Amino acid sequence: MTKLEELTALLVNEINDFNNSVKSLEKINEEIKDVKIKMDVSEYKTIIEAHQKQMAAHLNSMEQFESRFGSKIREAKIYPNWAVVVFIVCIVVTVTLVSYIVMK
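Residues numbered from 1 in each chain as written. Predicted model: local features only at pLDDT ≥ 70, side-chain atom pairs only at ≥ 80, totals over all residues. Heavy atoms only, no water.

Participant: It is not clear to me how the overall build of the protein chain should be interpreted in this structure. Could you clarify?
Facilitator: When helices and strands are tallied, the protein chain shows three helices and zero strands. Each helix and strand of the protein chain, ordered N terminal to C terminal, gives the series α-α-α. The globule rule puts the C-alpha radius of gyration for 104 residues at 13 Å, and the 47 Å found for the protein chain is more than 25% above it. Counting only C-alpha atoms and orienting by the principal axes, one finds that the protein chain spans roughly 150 × 30 × 15 Å. The burial tally for the protein chain puts 1% of its 104 residues in the buried class. A gap of 23 Å separates the mean positions of the 13 positive and 14 negative side-chain charges of the protein chain. (Helix = DSSP H or I, 4+ residues; strand = E, 2+ residues; numbered from the N terminus. Rg over C-alpha atoms; globule rule 2.2 N^0.38 Å. Buried < 20%, exposed > 50% of the residue type's maximum accessible area, 1.4 Å probe, protein only. Lys, Arg positive; Asp, Glu negative; His and termini not counted. Charge placed at Lys NZ, Arg CZ, Asp CG, Glu CD.)

Participant: Help me out: how do you make sense of the pattern of salt bridges in this one?
Facilitator: Think of it this way: side chains of opposite charge can pair up when their charged atoms draw near. Inspection of every chain in the model, using the stated rule, returns one salt bridge. We note a salt bridge from Lys33 to Glu30, for which the minimum N-O separation is 3.9 Å. With Lys33 and Glu30 both in helix α1 (residues 2-34), this residue pair falls three residues apart, about one helical turn. (Salt bridge = Lys/Arg side-chain N within 4 Å of Asp/Glu carboxyl O.)

Participant: Would you explain the packing of aromatic side chains in this entry?
Facilitator: How two aromatic rings sit relative to each other is set out by the distance from centre to centre and by the angle between their planes. Considering all chains together, one arrives at one aromatic pair under this definition. Here the aromatic rings of Phe65 and Phe69 are separated by 5.9 Å at their centres, their planes lie at 20°, and the arrangement is stacked. Pair noted here: Phe65 and Phe69 are both in helix α2 (residues 42-75), with a separation of four residues, about one helical turn. Among the residues examined, Phe69 registers a relative accessible area of 49% and is labelled partly exposed. (Phe/Tyr/Trp six-rings, centres within 6.5 Å; stacked < 30°, edge-to-face > 60°.)

Encoded structure:
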């Protein structure tokens, strides 16, 4: 019988230890539920702000390039004025000569 009593006492002690462990885990769980975790995002904020400044600078330079390119396109001419005038004069002279020759 002593062995049975020893085993029973050992089981009772183990059950008590298990119950105590469960209670301590429940307390820890309750404490964890109340804890709020805050992330430190200040480092990321500075990185994002620097990136936004770079993007704004790139956007500004692209807009300046676009305006310069647009003004160059508006100012560009396919043919120079002197070439157009020479071409028109040649056509007029040719028409005049052809009509003069045909009339004779």
